[in-house]
Amino acid sequence: MTQSMNRLVERQIQKALAEGKLRGLDGEGKPLPDRSGEALTDMATAVAVRIMAEAGAMPEEFKIKKLLEAAKQSYKEAEGDDAKRVAMALIADLQQRYNIAVEARRRFMGS
């Protein structure tokens, strides 16, 4: 942002504070949510995903990612070669499904 834009934004924030417009907002007094996972995502996608999450509509790739994380944890906890083999097969399947879902979203969004 340019210096003049920064000053304009800061004045608007100070004005809203003085008028009490920033009181009683959702999450007031709570720590900001961890959004470190958005660091490598473009801003438009990050905002779209956040809006969908707040509406309770998660894209398929995020559901698969959660399953993938759980499968990786199962692999770490697996005892015996057979259990590890089954867990690794599940991880491979979920990883492939995740990659397909990500690519489909990218093509759909044109990025």
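Higher on the page you've got the structure.
Quick look at the pattern of salt bridges
Moving on, step 1. Tallied over the full model, the rule gives four salt bridges.
Moving on, step 2. Across the pair Asp 82 and Arg 85 runs a salt bridge, and its minimum N-O distance is 2.6 Å. With Asp 82 and Arg 85 both in helix α4 (residues 81-109) and three residues apart, the pair spans about one turn of that helix.
Moving on, step 3. Among the salt bridges present, the one from Glu 103 reaches Arg 107, with a minimum N-O distance of 3.1 Å.

A few points about the packing of helix α3 (residues 60-77) against α4
Moving on, step 1. Interaxial distance between α3 and α4 falls to 9 Å at its minimum, and their mutual angle equals 160°. Considering their axes alone, α3 and α4 lie roughly antiparallel with respect to each other. Classified by chirality, the crossing of α4 by α3 is left-handed. Between α3 and α4, the residues in contact are Glu 60, Glu 61, Ile 64, Lys 65, Leu 67, Leu 68, Ala 71, Lys 72, Tyr 75 and Lys 76 and Lys 84, Ala 87, Met 88, Leu 90, Ile 91, Leu 94, Gln 95, Arg 97, Tyr 98, Ala 101, Val 102 and Arg 105, respectively.
Moving on, step 2. Taken together, the residues that form the contact of α3 with α4 break down as 13 nonpolar, one polar and eight charged.

A word on the side chain of Glu 61
Moving on, step 1. Mapped onto the elements of the fold, Glu 61 is located in helix α3.
Moving on, step 2. For Glu 61, a relative accessible area of 5% corresponds to the buried category.

Thoughts on a nonpolar patch on the surface
Moving on, step 1. On the surface, Met 5, Leu 8, Val 9, Ile 13, Leu 17, Leu 22 and Leu 25 cluster together to form a nonpolar patch covering roughly 540 Å² of accessible area.
Moving on, step 2. With respect to the helices, strands and loops of the structure, Val 9 is situated in helix α1 (residues 3-18).

Brief notes about the nonpolar core
Moving on, step 1. Core analysis: the largest hydrophobic core is formed by eight residues, namely Ile 64, Leu 68, Ala 71, Ile 91, Leu 94, Tyr 98, Ala 101 and Val 102.
Moving on, step 2. Of all elements in the fold, only α3 and α4 reach the threshold of two or more residues within this core.
Moving on, step 3. With five residues, the single largest contributor to this core is α4.
Moving on, step 4. Apart from the residues lying within four places of it in its own chain, the contact partners of Ala 71 are Leu 90, Ile 91 and Leu 94.

The rules we used
Residues numbered from 1 in each chain as written. Predicted model: local features only at pLDDT ≥ 70, side-chain atom pairs only at ≥ 80, totals over all residues. Heavy atoms only, no water. Salt bridge = Lys/Arg side-chain N within 4 Å of Asp/Glu carboxyl O. Helix = DSSP H or I, 4+ residues; strand = E, 2+ residues; numbered from the N terminus. Axes fitted to C-alpha atoms, helices over the stretch in contact; angles between N-to-C directions. Parallel < 35°, antiparallel > 145°, perpendicular 65-115°, else oblique. Left-handed = near helix turned anticlockwise from the far one by under 90°. Contact = heavy atoms within 4.5 Å. Nonpolar A, V, L, I, M, F, W, Y, C, P; charged D, E, K, R; others polar. Buried < 20%, exposed > 50% of the residue type's maximum accessible area, 1.4 Å probe, protein only. Patch = residues over 30% accessible without salt bridge, like charges linked within 9 Å, V, L, I, M, F, W, Y side chains within 5 Å. Areas by Shrake-Rupley, 256 points an atom, 1.4 Å probe, with all protein chains shown as cover. Core = buried A, V, L, I, M, F, W, Y, C linked by side-chain atoms within 4.5 Å.

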